[in-house]
Amino acid sequence: EETRTIELSFSSEEPYERFFGIEILDHKSKSVRLSRLKAGGPLLCDHNERDPVGVVESVRIDADLVGRAVVRFGKSARAEEIWQDVKDGIRRNVSVGYLIHEAQLVKTGKNEGDTFRVIDWEPMEISLVAVPVDATVGVGRSAETEMPQNLIQHLKEKSMNPSESKELAADTSAIEA
């Protein structure tokens, strides 16, 4: 309590159904770009960029393939309110907002959709949320964000591999722009 910090888990390899199919976030060290979070990434409420309540102090991917972080809560009135809810066990669910840089088609499915392993992704923020997606470890993933149709089509038509990374990087630059 003195340092206003807690350790939490924010991601795992639990499959998650998205609008383009099943997604699995790969947690090998080469797959996760942690630099933004390591540089003091934000702790938000409900992925709302206008509702920061703290900062990421440290981040790591453990041997059990789970992303974990130590976060510190601010001293503003809003941060104090959220900190108290966390201490009281009211706010326990966590999610991560992230960018996908590269994905690989690992299975084509007729009924359940295609399965993609995200082999290059970048966490942008960690959020305290009411309803997480990945409840198996008390961790969630970000709320649905619309992906451009051309990226969805690209993911479905091709299995991403290192030789295609330049093409995807160009697509990603266009998307970000």
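Each chain carries its own residue numbering, running from 1 in the written order of its sequence. Only residues with pLDDT of at least 70 are given local features in this predicted model, and only at 80 or more are side-chain atom pairs given and counted; all residues enter the totals for whole chains, interfaces and linings. Just so you know, side-chain values use all the structure's heavy atoms and leave hydrogens and water out.

What follows covers the pattern of salt bridges. A pairing counts as a salt bridge when a side-chain nitrogen of Lys or Arg comes within 4 Å of a carboxyl oxygen of Asp or Glu. A full pass over the atoms with the stated rule returns 16 salt bridges. The salt bridge involving R72 is made with E57; its shortest N-O contact spans 2.7 Å. With R72 in strand β6 (residues 67-73) and E57 in strand β5 (residues 48-61), this pair connects stretches of sequence that are 15 residues apart. Within this structure, E7, R60, D62, D64 and R68 form a network of salt bridges that share partners. For helices the rule is a DSSP run of H or I covering at least 4 residues; for strands it is a run of E covering at least 2, with both sets numbered from the N terminus onward.

Bringing the side chain of H27 into the picture now. Within the fold, H27 resides in the loop between β3 (21-25) and α1 (35-38). We define a polar contact as two N or O atoms separated by no more than 3.5 Å, with the added condition that, inside protein, one atom must be a possible hydrogen donor and the other a possible acceptor, whereas residues neighbouring each other in sequence contribute only through side-chain atom pairs. Polar side-chain contacts of H27 include one of 2.8 Å to the backbone oxygen of L25.

With a phi angle near 60 degrees, H47 is a residue other than glycine that sits in the positive phi range. Checked against the element boundaries, H47 lands in the loop between β4 (42-45) and β5. Residue L65 is not a glycine yet carries a positive backbone phi of 60 degrees. Checked against the element boundaries, L65 lands in the loop between β5 and β6. On the basis of relative accessibility, which here comes to 35%, the residue L65 falls in the partly exposed class. Burial classes: relative accessible area under 20% of the type maximum marks a residue as buried, over 50% as exposed, and values in between as partly exposed (1.4 Å probe, protein chains only).

What follows is about the nonpolar core. If you look at the biggest cluster of nonpolar residues, it comprises 27 residues, and the most contacted ones within it are F10, A69, F73 and I126. At the level of secondary structure, the elements contributing two or more residues to this core comprise β1 (5-11), β4, β5, β6, α2 (77-87), β7 (93-107) and β8 (115-129). Sorting elements by how many residues they give to this core places β7 first, with five residues. By definition in these notes, contact holds between two residues if any of their heavy atoms fall within 4.5 Å. Beyond its immediate stretch of four places on either side in the chain, I126 contacts L8, F10, L37, P42, L43, L44, V56, A69, V94 and S95. Residues belong to one nonpolar core when they are buried, are Ala, Val, Leu, Ile, Met, Phe, Trp, Tyr or Cys, and are joined through side-chain atoms within 4.5 Å.

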